[in-house]
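Coordinates in review
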Amino acid sequence: KTGLEALDRGTLGLHKSQLAILAARPGQGKTSAAVQAAFNLACAGKKVAFVSLEMTRESLVEKMFCLENRVNSRKLMMNQLSADDNYKLGVFAKLARELPIKIIDDYCFTERELFTLVEHLEMHPDVLIIDHIQHIRTEEAKYERETLNNYIRYLKEIAMRFEIAVLCLSQINRQGDDKPTLANLKSTGALEEMADSVIILHQKKDKTVFTDTNEGMIECVMDLAKNRRGPVGYFDVLFEAYTGRFLPMSHQERIIEKENDNNWQNK
């Protein structure tokens, strides 16, 4: 289980020997979703290898801190944390050192590096996360499409040979507000062909549905567009943009109920 309720309800979590794809347009929150899943899995004792081809390991750890403690990421960036937040940061740092998670931000940019990844890891991971596949560099005179096809096929081979659950992030190739589909997966058809499940993340237009601590929560859709283990379908979720945390839609009601209780107690 990833701890992302919508994903876990649809796919029953990530599975050994299987390849899952999480796709979205830029800025829609796919890295935040992957970081949240990685942190939850590590907290549950699963060994996680997170290959980041886009962000530094420091940035990813900061994301984990903010989403776990519901701290405004902009305040962290501007060094404006409260005394309470700084205390949380110290507690989190101790926790992070003990988590069974390896963040790799300087490797796997080419096919050849990917082919030797698992052999070079000190631990045998339960879960491998790649963020994201369009950052793979072509080697020699190969076309980008051929390179990505080979990379994806080897990810599937890694999953099966080493009995690892693999989650690969991908961009969507079309901009705009229309809901993306499997046909919009960028650069290669192998993503749809090789994947055991494909989750497409999409923010609804003008759907800031709730204000919490003066920050917007964005209504999103997690579209389980392919699922070899069961049915496909849509799940509505909330994205708490200022912490980078995804919440089930029902969480909105729980927050409102909590605020009503506080108002009643104040009265």
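Anything mentioned here points back to the structure above.
Residues numbered from 1 in each chain as written. Predicted model: local features only at pLDDT ≥ 70, side-chain atom pairs only at ≥ 80, totals over all residues. Heavy atoms only, no water.

Some points on the environment of Leu121
Mapping Leu121 onto the fold places it in the loop between helix H7 (117-120) and strand E4 (127-131). For Leu121, a relative accessible area of 14% gives the class buried. In the structure, Leu121 is positioned 72 residues away from Ala49 in sequence and 8.6 Å away in space, judged by C-alpha atoms. (Helix = DSSP H or I, 4+ residues; strand = E, 2+ residues; numbered from the N terminus. Buried < 20%, exposed > 50% of the residue type's maximum accessible area, 1.4 Å probe, protein only.)

Quick word on the layout of surface pockets
Roughly 490 Å³ of volume is contained in the largest pocket. Those elements that provide at least two residues to the lining of the largest pocket are helix H2 (30-43), helix H3 (57-69) and helix H4 (73-77). Taken together, the residues that form the lining of the largest pocket break down as 8 nonpolar, 11 polar and 5 charged. (1 Å grid on protein atoms, 1.4 Å probe; cavity = no way out; pocket = protein on both sides within 12 Å on 5 of 7 lines; lining within 4 Å. Points joined across faces, edges and corners; volume = space filled by probe spheres on them. Nonpolar A, V, L, I, M, F, W, Y, C, P; charged D, E, K, R; others polar.)

Here we look at the side chain of Ser52
Summarising the element assignment, Ser52 is placed in strand E2 (residues 48-52). Reaching out from Ser52, the side chain makes a polar contact with the backbone oxygen of Met55 at a distance of 2.6 Å. When residues no more than four places from it in sequence are discounted, the contact partners of Ser52 are Leu60, Ile104, Asp105 and Asp131. (Polar contact = N/O pair within 3.5 Å; in protein donor to acceptor, adjacent residues only side chain to side chain. Contact = heavy atoms within 4.5 Å.)

Description of the pairing of strand E1 (residues 19-24)
Here E1 lies mainly inside the structure; 6 of its 6 residues are buried. The alternating pattern of E1 places Leu19, Ile21 and Ala23 on one face and Ala20, Leu22 and Ala24 on the opposite face, and all of these are buried.

Comments concerning the packing of H2 against H3
It is the contact of H2 with H3, at a shortest axis distance of 10 Å, that shows an interaxial angle of 75 degrees. Viewed along their axes, H2 and H3 adopt a mutual orientation that is roughly perpendicular. On the side of H2, the interface is formed by Thr31, Ser32, Val35, Gln36 and Phe39, while H3 contributes Leu60, Lys63, Met64, Leu67 and Glu68. Tallied by class, residues from the contact of H2 with H3 come to 5 nonpolar, 3 polar and 2 charged. (Axes fitted to C-alpha atoms, helices over the stretch in contact; angles between N-to-C directions. Parallel < 35°, antiparallel > 145°, perpendicular 65-115°, else oblique.)

Topic: the nonpolar core
Judged by nonpolar contacts, the single largest core of 44 residues is most densely connected at Val48, Phe50, Ile101, Ile129 and Phe246. Looking at which element gives the most residues to this core, the answer is H2, with 8 residues. Every residue in contact with Phe50, bar those within four places of it in the chain, is listed here: Ala34, Val35, Ala38, Leu60, Lys102, Ile103, Ile104, Ile129 and Asp131. If you look at the next biggest cluster of nonpolar residues, it comprises 36 residues, including Leu128, Ile136, Tyr151 and Ala195. (Core = buried A, V, L, I, M, F, W, Y, C linked by side-chain atoms within 4.5 Å.)

Overview of the packing of aromatic side chains
All chains considered together, the criterion is met by 3 aromatic pairs. Put simply, the rings of Phe39, Phe65 and Phe92 pair up and form one aromatic cluster. (Phe/Tyr/Trp six-rings, centres within 6.5 Å; stacked < 30°, edge-to-face > 60°.)

Regarding the pattern of salt bridges
Summed over all chains, the structure comprises 8 salt bridges. Residues Asp105 and Arg57 are paired through a salt bridge, measuring 2.8 Å at the closest nitrogen-oxygen approach. Residue Asp105 is found in the loop between strand E3 (101-104) and helix H6 (111-115), and its partner Arg57 is found in helix H3; the two are separated by 48 residues along the sequence. (Salt bridge = Lys/Arg side-chain N within 4 Å of Asp/Glu carboxyl O.)

With respect to empty space enclosed by the protein
Per the stated rule, a full pass over the model turns up 2 cavities of 30 Å³ or more. Surrounding the largest cavity, 16 residues form its lining, Gly13, His15, Gln18, Ala20 and Ser197 being those nearest its centre. Those elements that place two or more of their residues in the lining of the largest cavity are helix H1 (5-11), E1, strand E5 (165-171) and strand E6 (197-212). Its residues assigned to classes, the lining of the largest cavity shows 7 nonpolar, 6 polar and 3 charged. Within this model, the second largest cavity holds a volume of roughly 40 Å³. When residues of the lining of the second largest cavity are traced back to their parent elements, those giving at least two are H1 and strand E7 (215-227). Among the elements that make up the lining of the second largest cavity, the one with the highest residue count is H1 (4 residues). Broken down by class, the residue content of the lining of the second largest cavity amounts to 6 nonpolar, 2 polar and 1 charged.

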